[in-house]
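# A structural walkthrough
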Amino acid sequence: MSPWFYRRMGLLALLMVGMGLYFIYDGRVGYPKANEAAEAKARFEHEVLKDYDDALAKGPDAAKAWVKDARLKGWIIKPDLEQPRWSDYAAPRGWPENPKHYTPEEIREQFYWGGAMIVAAAVVGIIVLLNHNKRFVGHADHMVMPNGKVVQYKDVYKLDKRKWDIKALAYVYYREGGEGAEHRVVIDDLKYDGAGRVLDRLMEQFKGELIEKVAAPEEEASEVSAEQPTPPHGAA
């Protein structure tokens, strides 16, 4: 296995663990804090603003006395304000202006998603362990795939290299004994370190249909399929 494979799978596992912890944090801390702010805003609008409106209805003196009392209770914080506002009351407490209230089901879902992400990270780890000892081997006249399948070079009749320069992938089509059902295997030079050398060895003996991308005169790239005796590409 190549270092790239381990790096990619490691980053994937870390991403899933991070997302899982984030979901769990939201379920345990984030959403309850948002609910606390939403409930505080509801109380503020129902009690404080209603009391202020009632004081205004009683006259200027009652309103002034109410504002003085509201400052002592912390309902009005800014000295230049003469009326209560939720945004000013919420800002020092780190509450948003429009907090969202989450249902118990939405909170439980965060734990479900968090658990799913942790399980997915564990699955990635299992995949790494299952692939750790796999090998892709090229011999003089055949190659042995990571799953143990033996592919004779003489049985290969088509080779698709269109993704080789971009993704280091080549698709090999063959028929066992040169006849029967079509089979396909993949040569992956990113996943298996040095797989390109096996492809070179196959190309030395390949005489079938080669599909690859070539530069076109007036276009970006076009796919070309041609029957050819392939020239040697050098020993593996």
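In what follows, the accompanying structure is described. (Residues numbered from 1 in each chain as written. Predicted model: local features only at pLDDT ≥ 70, side-chain atom pairs only at ≥ 80, totals over all residues. Heavy atoms only, no water.)

### A look at a nonpolar patch on the surface
A contiguous nonpolar surface patch, about 240 Å² in accessible area, is contributed by Leu12, Leu15 and Met19. Mapped onto the elements of the fold, Leu15 is located in helix α1 (residues 3-58). (Patch = residues over 30% accessible without salt bridge, like charges linked within 9 Å, V, L, I, M, F, W, Y side chains within 5 Å. Areas by Shrake-Rupley, 256 points an atom, 1.4 Å probe, with all protein chains shown as cover. Salt bridge = Lys/Arg side-chain N within 4 Å of Asp/Glu carboxyl O. Helix = DSSP H or I, 4+ residues; strand = E, 2+ residues; numbered from the N terminus.)

### Points about helix α2 (residues 60-73)
Compared with an ideal rise of 1.5 Å per residue, which puts 14 residues at 20 Å, α2 spans 20 Å between its outermost C-alpha atoms and is within 8% of the ideal. Of the positions making up α2, those classed as buried are Ala63, Trp66, Val67 and Ala70. The buried residues of α2 occupy an angular sector of 105° when the element is viewed end-on, so they sit on one face. Relative to its buried face, α2 has exposed residues pointing more than 90 degrees away, namely Asp61, Lys64, Lys68 and Leu72. The secondary structure elements touched by the buried residues of α2 are α1. In the segment just after α2, Gly74 is the residue with positive phi, at about 85°. (Expected span 1.5 Å × (residues − 1). Buried < 20%, exposed > 50% of the residue type's maximum accessible area, 1.4 Å probe, protein only. Arc of directions from axis to C-beta. Contact = heavy atoms within 4.5 Å.)

### Concerning the packing of aromatic side chains
Tallied over the entire structure, the rule returns nine aromatic pairs. A centroid spacing of 5.7 Å and a plane angle of 10° characterise the contact between Trp86 and Trp95, whose relative ring orientation is stacked. The buried category is assigned to Trp86, whose relative accessible area is 7%. Between Tyr89 and Trp95 the ring centres are 6.5 Å apart and the planes differ by 55°, which places this aromatic pair in the tilted class. Each member of the pair, Tyr89 together with Trp95, is buried. The rings of Phe44, Trp86, Tyr89 and Trp95 are connected pair by pair, giving a single aromatic cluster. The aromatic ring of Tyr89 is capped on one face by Arg93, whose charged end is 3.8 Å from the ring centroid. (Phe/Tyr/Trp six-rings, centres within 6.5 Å; stacked < 30°, edge-to-face > 60°. Lys NZ or Arg CZ within 6 Å of the ring centre and 35° of its normal.)

### Structural notes on helix α4 (residues 104-131)
The end-to-end C-alpha distance of α4, which contains 28 residues, comes to 41 Å, matching closely the 40 Å that a straight helix rising 1.5 Å per residue would cover. Where α4 is buried, its residues touch α1.

### A look at the nonpolar core
Ranked by size, the top nonpolar core spans 30 residues in total, and within it Phe136, Met143, Leu159, Val172, Ile187, Leu199 and Leu202 carry the most contacts. Elements with a contribution of two residues or more to this core: α1, α4, β4 (156-160), β5 (169-174), β6 (183-188) and α6 (195-205). It is α6 that provides the largest number of residues to this core, a total of five residues. Setting aside its immediate chain neighbours within four residues, Leu199 contacts Leu159, Lys161, Trp164, Ala170 and Ile187. By size, the runner-up hydrophobic cluster in this structure holds 15 residues, among which are Ala37, Ala40, Val67 and Trp86. (Core = buried A, V, L, I, M, F, W, Y, C linked by side-chain atoms within 4.5 Å.)

### Some remarks on the sheet that holds strand β3 (residues 150-152)
Taken together, the three strands give an open sheet; going across it, the order is β1-β2-β3, and neighbouring strands pair in antiparallel fashion. This sheet does not close on itself; its edge strands, each paired only once, are β1 (137-138) and β3. Relative to β3, strand β2 (residues 142-144) is paired through three bridges, and the arrangement is antiparallel. Residue pairing in the sheet places Met143 in a bridge with Val151 of β3. (Pairing = 2+ DSSP bridges.)

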